[in-house]
Amino acid sequence: MSHNSKYRFEKLTPISNSELGIYEDAIDFVFENDDIRNVAISGAYGAGKSSVLESYKAKHKDKKYVHVSLAHFNENVGRDESGTVKESVLEGKILNQLIHQISSDRIPQTNFKVKKSITHKETLKASLLALVFVVSIIVFMLFSKWSALVETVNIEWLRIVLQYTTTSEARLVIGLVMVLIGYHYVYKIIQAQQNRHMFRKLSVQGNEIEIFEESDDSYFDKYLNEVLYLFDNVDADVIVFEDMDRFDANRIFERLREVNTLTNLQRKEDGKKVIRFFYLLRDDIFVSKDRTKFFDYIIPVVPVVDGSNSYNQFISHLKKNDLYEKFDEGFLQGLSLYVDDMRLLKNICNEFLIYYNRLNTIELDYNKMMALIVYKNLFPRDFSDLQLNRGFVFALFDQKGNFI
């Protein structure tokens, strides 16, 4: 029996084949109205916001998306004295991710530096072209000396070949080659000057000023033309902002709304289609009615799993691996009240499957094993402490006699 048919593990990543229902109509409504440009897809952690969007993307492949995620950004970096993340830090991270998702061919005029690897083939080609250019200049300028040098070559076949380069026609061709390669270099220099204004930059005491230096200034203000240029040239219908609700910096939504407005004004002038910003956010990120001023439309995502239906979800996942019969029904019902997140539920089932198969002995109490795995997922630090004879649960059992 193959590995895949023996065990049924669950992925924790967003699924792209969930039943959309009303969500599809809600997102369709966004794309039908050009004045809806800032959209919040809100819901509790693990409610299925990403799955809704991924499923819509899979069903409607005509739309292009660019994702900006701050999930891997260290939350402790760039905070001020009050503990709030600086707006400039978030702006810099957003621009950094955006720059690296836009083809450099689409944004030749940007002054933001994107490191691009140069292939061995490109280096070889440029070196050969430069060599031909230098040799052409030398031969053309010192033609009579070149002709005399050729006559002194002792190897007959090589002298005969080189004599073809000493005719007046050859000098004309060499001159033409020199002019064409020279034109190529002049074109590249002018193009670089137009795109990057390379001669406008000044070096101050040997130091170059670079973007994303340590500064509290807003990048969206300081480099507004650059920012709008990037957003204007991104090859996408939607830019999706994820995990921005971790930083409690609500002003960033106001700034992004401004950027969206200015970008769409520019795109309208250029005859381009509207670009929309989608934000995947927790429901509780705004403590008052403020959220309606940041967004043109809010799509609430109802959690797939909550305390009321997690028992049924538990059963269905356990039945896939023929494990349901091993548990006490009342125990599962009580346990399910504490698991209200689909990713958590899937991970609990995955971990139980592995523990069950690694510790498969007759003496095991499956209810107790499942209880420990749920405890491990809900309180991972205390679970780790328990194995070192410390922590809350250890203290409870250690003081059992006193409690009694």
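Below is a short write-up of the structure. (Residues numbered from 1 in each chain as written. Predicted model: local features only at pLDDT ≥ 70, side-chain atom pairs only at ≥ 80, totals over all residues. Heavy atoms only, no water.)

1. What about helix α4 (residues 87–99)?
- Compared with the 18 Å implied by 1.5 Å per residue over 13 residues, the 18 Å span of α4 between its first and last C-alpha is a close match.
- The buried count for α4 comes to 10 of 13 residues, which makes it a mostly enclosed element.
- Every buried residue belonging to α4 is among Glu 87, Ser 88, Val 89, Leu 90, Glu 91, Gly 92, Ile 94, Leu 95, Leu 98 and Ile 99, and all of these are buried.
- Buried residues belonging to α4 abut β2 (65–69), α9 (219–222), α10 (224–233), β3 (238–242) and α11 (251–269). (Helix = DSSP H or I, 4+ residues; strand = E, 2+ residues; numbered from the N terminus. Expected span 1.5 Å × (residues − 1). Buried < 20%, exposed > 50% of the residue type's maximum accessible area, 1.4 Å probe, protein only. Contact = heavy atoms within 4.5 Å.)

2. What to know about unusual backbone geometry
- With a phi close to 55°, Asp 322 is a non-glycine residue in the positive phi region.
- As for its placement among the helices and strands, Asp 322 is situated in the loop between α13 (310–320) and α14 (329–336).
- Of note, Asn 389 is a non-glycine position whose phi angle comes to about 55°, a positive value.
- By the element assignment, Asn 389 lies in the loop between α17 (380–386) and α18 (392–398).
- Judged by relative accessible area, which is 54%, Asn 389 ranks as exposed.

3. Structural notes on the sheet that holds β2
- Across the sheet, 5 strands lie side by side as β2-β3-β4-β1-β5; this open sheet has parallel pairing. Each edge of the sheet is formed by a strand with only one pairing partner; in this case those strands are β2 and β5 (297–300). Across this sheet, the average inter-strand angle for adjacent strands is 20°, counted without regard to direction.
- As paired strands, strand β1 (residues 38–42) and β5 are joined by 4 bridges and run parallel to one another. Counterpart to Ala 40 in the pairing with β5 is Ile 298.
- Relative to β2, helix α3 (residues 49–59) is tilted by about 160°, and along the sheet it contacts β1, β2, β3 and β4 (276–281). (Pairing = 2+ DSSP bridges. Axes fitted to C-alpha atoms, helices over the stretch in contact; angles between N-to-C directions.)

4. Concerning the packing of aromatic side chains
- Under the counting rule described, the total for this entry stands at 17 aromatic pairs.
- Ring centres 5.6 Å apart and planes at 75° place the aromatic pair Phe 253 and Tyr 279 in the edge-to-face group. Here Tyr 279 lies in strand β4 and Phe 253 lies in helix α11, a separation of 26 residues in the sequence. Grouping residues by exposure puts Phe 253 and Tyr 279 together as buried.
- The ring of Phe 31 has Lys 63 lying over it, and the distance from NZ or CZ to the ring centre is 4.8 Å. (Phe/Tyr/Trp six-rings, centres within 6.5 Å; stacked < 30°, edge-to-face > 60°. Lys NZ or Arg CZ within 6 Å of the ring centre and 35° of its normal.)

5. Comments concerning the layout of surface pockets
- Computed from the structure, the second largest pocket encloses a volume of approximately 780 Å³.
- Lining the second largest pocket we find 32 residues, and of these Gly 46, Gly 48, Lys 49, Ser 50 and Arg 343 sit closest to its centre.
- Of all elements in the fold, only α3, β4 and α15 (342–358) reach the threshold of two or more residues within the lining of the second largest pocket. (1 Å grid on protein atoms, 1.4 Å probe; cavity = no way out; pocket = protein on both sides within 12 Å on 5 of 7 lines; lining within 4 Å. Points joined across faces, edges and corners; volume = space filled by probe spheres on them.)

6. What to know about the nonpolar core
- Judged by nonpolar contacts, the single largest core of 37 residues is most densely connected at Leu 98, Phe 231, Ile 239, Phe 241, Phe 253 and Leu 256.
- Breaking this core down by element, the ones donating at least two residues are β2, α4, α9, α10, β3, α11 and β4.
- Filtering out sequence-adjacent residues up to four positions away, Leu 256 remains in contact with Asn 38, Ile 94, Phe 220, Phe 241, Met 244, Phe 277 and Tyr 279.
- Judged by nonpolar contacts, the second largest core, of 22 residues, contains Leu 318, Leu 323, Leu 353 and Tyr 356. (Core = buried A, V, L, I, M, F, W, Y, C linked by side-chain atoms within 4.5 Å.)

In short, shape yes, function no, at least from these values alone.
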